[in-house]
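As a plain string of letters, each chain reads:
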Amino acid sequence: MMRPMAHRYSNRSPGTSGAGSGSGGSNRLSRLTEQEEIDYDDDYVYEDDYIDSEEEEDVHHNKPVPIWLSILLVVGYIFGGAFLFSGWEQWSFLDSAYFCFITLTTIGFGDFVPAQNVKENVEISIALCSLYLLFGIALLAMSFNLVQEEVINSVKSVAKRLGIIKDDDDEDDR
């Protein structure tokens, strides 16, 4: 373990800086020159600030998010949006759910377009639809990522049990 070391300046004292140390102006100049002589080899080094990547992974993978929770969030968001759009756009609930699913999955057939039949507050309707879609696409991407991580962890654990891949603990013992 290395301790942090401060910058080192030249060992010369301000009054003994070589030629011209008797005059006040050159003495001041020599002191400024001495202060600029920094040994950059001894910059601060903090080894304790770096966390071992294996320790960090263990902390983050202890509690995976259940797949059913991610699916429930996405389905709830689609049905919540369907309820909102059926009221805003005067569509049936099934048409609204279809619009939310097609739009959030970025398929976008274009058969349902929001704010087409709205005569008043068109800008507000489009802004609310945009906010719904912005948060919905982020939620969908997050949920897909969480499900992907859970599937990868499950496949790795099955492969370790079958002996296809080695345990990380076995590699550390060697």
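The following paragraphs examine the structure supplied in this document.

Definitions and cut-offs
Residues numbered from 1 in each chain as written. Predicted model: local features only at pLDDT ≥ 70, side-chain atom pairs only at ≥ 80, totals over all residues. Heavy atoms only, no water. Disulfide = S-S within 2.5 Å. Buried < 20%, exposed > 50% of the residue type's maximum accessible area, 1.4 Å probe, protein only. Phe/Tyr/Trp six-rings, centres within 6.5 Å; stacked < 30°, edge-to-face > 60°. Helix = DSSP H or I, 4+ residues; strand = E, 2+ residues; numbered from the N terminus. Axes fitted to C-alpha atoms, helices over the stretch in contact; angles between N-to-C directions. Parallel < 35°, antiparallel > 145°, perpendicular 65-115°, else oblique. Left-handed = near helix turned anticlockwise from the far one by under 90°. Contact = heavy atoms within 4.5 Å. Nonpolar A, V, L, I, M, F, W, Y, C, P; charged D, E, K, R; others polar. Patch = residues over 30% accessible without salt bridge, like charges linked within 9 Å, V, L, I, M, F, W, Y side chains within 5 Å. Areas by Shrake-Rupley, 256 points an atom, 1.4 Å probe, with all protein chains shown as cover. Salt bridge = Lys/Arg side-chain N within 4 Å of Asp/Glu carboxyl O.

**Describing the state of the cysteines**
Then step 1. Tallied over the full model, the rule gives 0 disulfides.
Then step 2. Here C100 stays unpaired: no disulfide links it, and the sulfur of C129, its closest cysteine neighbor, is 8.1 Å away.
Then step 3. In this structure C100 comes out as buried when scored by relative accessible area, which is 0%.
Then step 4. Overall, the relative accessible area of 5% leaves C129 in the buried class.

**Structural notes on the packing of aromatic side chains**
To describe a pair of aromatic rings, you give the distance between the ring centres and the angle between the ring planes.
Then step 1. Under the defined criterion, the tally for this structure stands at 9 aromatic pairs.
Then step 2. For the pair Y77 and Y132, a centre-to-centre distance of 4.7 Å together with 0° between the ring planes defines the contact as stacked. Of this pair, Y77 sits in helix α3 (residues 67-88) while Y132 sits in helix α5 (residues 122-162), and the two are 55 residues apart along the sequence.
Then step 3. Y77 gets classed as partly exposed once you look at its relative accessible area, which sits at 22%.
Then step 4. Between the aromatic rings of F85 and W88, the centroid separation amounts to 5.4 Å while the plane-to-plane angle is 80°, which identifies the pairing as edge-to-face.

**Concerning the packing of α3 against helix α4 (residues 93-104)**
Then step 1. Across the interface, α3 lies against α4 with an axial gap of 8 Å and an inter-helix angle of 125°. Between α3 and α4, the angle falls in the class oblique. Two packed elements cross with a definite hand, and for α3 against α4 that hand is right-handed. Residues Y77, I78, F79, G81, A82, F83, F85 and S86 of α3 touch α4, and the partners they reach there are F93, S96, A97, F99, C100, F101 and L104.
Then step 2. Residue composition of the contact of α3 with α4, grouped by class: 12 nonpolar, 3 polar and no charged.

**Quick word on a nonpolar patch on the surface**
Then step 1. Judged by side-chain polarity, I71, V75, F79, F83, L84, W88, F93, I124, L128, L131, L134 and F135 come together as a nonpolar surface patch covering roughly 1,200 Å² of accessible area.
Then step 2. Elements that contribute at least two residues to the nonpolar patch include exactly α3 and α5.
Then step 3. No other element matches the 6 residues that α3 contributes to the nonpolar patch.
Then step 4. Considering the arrangement of structural elements, one finds L128 in helix α5.
Then step 5. Overall, L128 belongs to the partly exposed group, its relative accessible area being 35%.

**Side note on the packing of α4 against α5**
Then step 1. Axis separation between α4 and α5 bottoms out at 10 Å; the angle between their running directions is 60°. Taken together, the axes of α4 and α5 are oblique relative to one another. Crossing hand, α4 versus α5: right-handed. Residues F99, C100, T103 and L104 of α4 form the contact with α5, whose participating residues are C129, Y132, L133, G136, I137 and L140.
Then step 2. Looking at side-chain class alone, the contact of α4 with α5 contains 8 nonpolar, 2 polar and no charged residues.

**So, unusual backbone geometry**
Then step 1. In this model, Q90 sits at a positive phi of 60°, which is unusual for a non-glycine residue.
Then step 2. One can find Q90 in the loop between α3 and α4.
Then step 3. Overall, Q90 belongs to the exposed group, its relative accessible area being 66%.
Then step 4. Positive phi values are uncommon outside glycine, yet N121 reaches one of about 55°.
Then step 5. When you line up the elements, N121 lands in the loop between α4 and α5.

Geometry only, nothing functional implied.
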